[in-house]
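Descriptive structure summary
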Amino acid sequence: MGEITQKFVLPETFQGVRDELAGQIGMMWELIKAPLIVPLLRLGVYICLAMSLMLFCERLYMGIVIILVKLFWKKPEKRYKYETIQEDVEMGSSNFPVVLIQIPMYNEREVYKVSIGAACGLSWPSDRLVIQVLDDSTDPAIKQMIEMECQRWASKGINIRYQIRETRGGYKAGALKEGLKRSYVKYCEYVAIFDADFRPEPDYLKRAIPFLVNNPEIALIQARWRFVNANECLLTRMQEMSLDYHFKVEQEVGSATHAFFGFNGTAGVWRIAAINDAGGWKDRTTVEDMDLAVRAGLKGWKFVYLGDLQVKSELPSTFKAFRFQQHRWSCGPANLFRKMVMEIIRNKKVTVWKKLYVIYSFFFVRKIIAHMVTFSFYCLVLPLTILVPEVHVPIWGAVYIPSIITILNSVGTPRSFHLLFYWILFENVMSLHRTKATLIGLLEAGRANEWVVTEKLGDSALKNKGDAAKNKTNAKSLFKRPKFKLGDRLNTLELGFGAFLFICGCYDYVHGKNNYFIYLFLQTITFLIAGFGYVGTIIPSS
């Protein structure tokens, strides 16, 4: 009987201990909730609402201005002096300025032929064109292939130079800076820069250079990116939506209103004198392109964006490559803002209005607030208010303002409007990494200067998919994906936030009154898809 009694008493004792422990935890929670948790969370809500209003006003301003630009502003050809350059019968091609083409490369096995071929195919007098292939590759086999490709074009009469360095110091900025030091560059007036996956059309220079020739105050002509693999998967469609807004609205508005915007690092033509006047290329951040643009803008140089001049390029089609790219694009601007904000304030050459635009609109709202409010409000503060019902989020801040912001963001890609809801969920996932990278940049922490070259797959991957669609018998082999180790595919940060949002969603379903659980469960699914590394495998409907 003693043994039987002991067997029944132990569970009752354990149950009592568990109830007592739960009671103590509950009592501690109630003790700290009212004086500490509620005020802090309420403060978080106020800060997030303030950031949302700042972003809303910025997007609304951009929306109004882009409508006015499209309806009433003159096109760049009318705003500036513009005359096409023609060959003179007597002078020949000497009235064409000498243009340098720079193509920085790093182990670009898949795309080097296409980019070099596109540069060599530019419609410009061959004796007025110098092509520089700046190869920082570490793979000897790839270096040999790129050098042989340059030699092949040189044998056809193209003035192409293959340049290498002993080290990769300064990464892309270092390569571009080193390229401008070559003795033959002193004869060049302008430099066009194309990343290894960019393919300009033959008439690119003939459409861009006249702005620089006829307007000595212009430093930069920026073309728009056009994506050859936008339909490859859902990941590339999401990127297209974000980048189309950047080019069709942000760049267009900056060009029309302030003659200033961020250089995109490629598909642009610079006046070499402007680069030198601004202090040349600097490698102090991972956004050397934006760094140069801000310094040149503060010197009074003007920039022109040509939306109808488009250059083909490739989007990252794997989630890993996209994450690395977004880290660089988010960390770099924040780090540059930290280093340049006082320099901008002290500048005497530009107007107060332009300085305010650069500091508040260009940097603070678009590069910092936009990332932080998305993550902190919709992935952190809003879910926490479900667990702490004493804190209320007004409906205008939780639903109306974000809905309007989202609609304004989607105007750049109307063909993808049916993907808008998933785009919101995907952007919330990416805001986690962008916020983390922004904080690293602001604090100049460990990964502030991390540079990982974005993986490019080139035409081979797209061609294989097209062939598979035509030939179903080979589809299985062509669509076969490389094997991943479990650690390579799993993203623990996304999985952790997916679990957190799922718990909040379950609590709201049982106890909540606002029906936020619908959004939370959908956001949980998106975090889990990203967490298990399957974002780049989903094919969108057209």
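Figured I'd write up the structure that's included with this text. This structure is a prediction, so every number in the text was calculated from the model and none was measured. (Residues numbered from 1 in each chain as written. Predicted model: local features only at pLDDT ≥ 70, side-chain atom pairs only at ≥ 80, totals over all residues. Heavy atoms only, no water.)

**What to know about the overall build of the protein chain**
Within the protein chain one finds 18 helices and seven strands. When each of the 542 residues of the protein chain is scored for burial, the buried share is 53%. Sequence separation of 24 or more characterises 82% of the internal contacts of the protein chain that already satisfy a separation of 6 or more. Working note: accessible area of the protein chain is about 26100 Å², and carbon and sulfur atoms make up 62% of it. (Helix = DSSP H or I, 4+ residues; strand = E, 2+ residues; numbered from the N terminus. Buried < 20%, exposed > 50% of the residue type's maximum accessible area, 1.4 Å probe, protein only. Contact = heavy atoms within 4.5 Å. Areas by Shrake-Rupley, 256 points an atom, 1.4 Å probe, with all protein chains shown as cover.)

**Some details on the packing of helix α7 (residues 234-258) against helix α13 (residues 420-443)**
Contact geometry for α7 and α13: axes closest at 10 Å, N-to-C directions at 90°. Viewed along their axes, α7 and α13 adopt a mutual orientation that is roughly perpendicular. Of α13, the residues touching α7 (which contributes Leu234, Leu235, Met238, Met241 and Ser242) are Leu420, Tyr422, Trp423, Phe426 and Glu427. Broken down by class, the residue content of the contact of α7 with α13 amounts to eight nonpolar, one polar and one charged. (Axes fitted to C-alpha atoms, helices over the stretch in contact; angles between N-to-C directions. Parallel < 35°, antiparallel > 145°, perpendicular 65-115°, else oblique. Nonpolar A, V, L, I, M, F, W, Y, C, P; charged D, E, K, R; others polar.)

**Remarks on the pairing of strand β5 (residues 218-227)**
Two faces belong to every sheet, and in a regular strand the side chains alternate between them. By the criterion of burial, β5 is predominantly enclosed, with nine of the ten residues buried. By the bridge criterion, nine bridges tie β5 to strand β7 (residues 302-313) in an arrangement that is parallel. In the sheet register, Phe227 faces β7, and the bridge partner there is Ser313. Bridge count between β5 and strand β6 (residues 268-271): three bridges; the pairing is antiparallel. Bridge pairing in β6 places Leu220 opposite Trp270. (Pairing = 2+ DSSP bridges.)

**Here's the deal with helix α9 (residues 288-298)**
When you tally the buried positions in α9, you get eleven out of eleven residues, the bulk of the element. All of the buried residues along α9 are Glu288, Asp289, Met290, Asp291, Leu292, Ala293, Val294, Arg295, Ala296, Gly297 and Leu298. In this fold, the buried residues of α9 make contact with α5 (171-180), β6, α8 (272-277), β7, α10 (319-346) and α11 (352-387). Trailing α9 by a residue or two, Gly300 shows a phi angle of about 100°, which is positive.

**Details of the nonpolar core**
Counting 96 residues, the largest nonpolar core has Ile101, Ile116, Leu205, Trp270 and Phe303 as its most contacted members. When residues no more than four places from it in sequence are discounted, the contact partners of Ile116 are Ile103, Met105, Val133, Ile146, Glu149, Cys150, Trp153 and Ile160. Of all hydrophobic cores here, the second largest spans 49 residues; its members include Leu41, Met238, Tyr422 and Trp423. (Core = buried A, V, L, I, M, F, W, Y, C linked by side-chain atoms within 4.5 Å.)

**Concerning the environment of Phe324**
Locating Phe324 in the fold gives a position in helix α10. Considered as a pair, Phe324 and Val452 are 128 residues apart in the sequence and their alpha carbons are 6.5 Å apart. Filtering out sequence-adjacent residues up to four positions away, Phe324 remains in contact with Arg447, Glu450 and Val452.

**Section: the side chain of Gln222**
Relative to the assigned elements, Gln222 resides in strand β5. Not counting chain neighbours up to four residues away, the residues in contact with Gln222 comprise Gln251, Phe261, Phe263, Asn264, Thr266, Ala267, Gly268, Val304, Tyr305 and Leu306.

**Observations regarding the packing of α7 against α10**
Look at α7 against α10: their axes get within 11 Å of each other, and the N-to-C directions meet at 25°. It follows that α7 is roughly parallel to α10 by the angle criterion. The crossing of α7 and α10 is left-handed. For the pair α7 and α10, contact is made by Leu235, Gln239 and Leu243 and by Phe319, Phe322, Gln325 and Trp329, respectively. (Left-handed = near helix turned anticlockwise from the far one by under 90°.)

**Brief notes about a nonpolar patch on the surface**
Together, Leu60, Ile64, Ile67, Leu68, Leu71, Phe72 and Trp73 give the surface a local cluster of nonpolar side chains, amounting to about 700 Å² of exposed area. Looking at where Ile67 falls in the secondary structure, it is placed in helix α1 (residues 2-72). (Patch = residues over 30% accessible without salt bridge, like charges linked within 9 Å, V, L, I, M, F, W, Y side chains within 5 Å. Salt bridge = Lys/Arg side-chain N within 4 Å of Asp/Glu carboxyl O.)

**Brief notes about the packing of aromatic side chains**
In the structure shown here, the tally under the stated rule is 24 aromatic pairs. For the pair Trp225 and Phe247, a centre-to-centre distance of 5.2 Å together with 50° between the ring planes defines the contact as tilted. Here Trp225 is found in strand β5, whereas its partner Phe247 is found in helix α7, with 22 residues between them in sequence. Neither Trp225 nor Phe247 differs from the other in exposure class; each is buried. Between Phe260 and Phe303, the ring centres sit 5.7 Å apart and the planes meet at 35°, which makes this aromatic pair tilted. (Phe/Tyr/Trp six-rings, centres within 6.5 Å; stacked < 30°, edge-to-face > 60°.)

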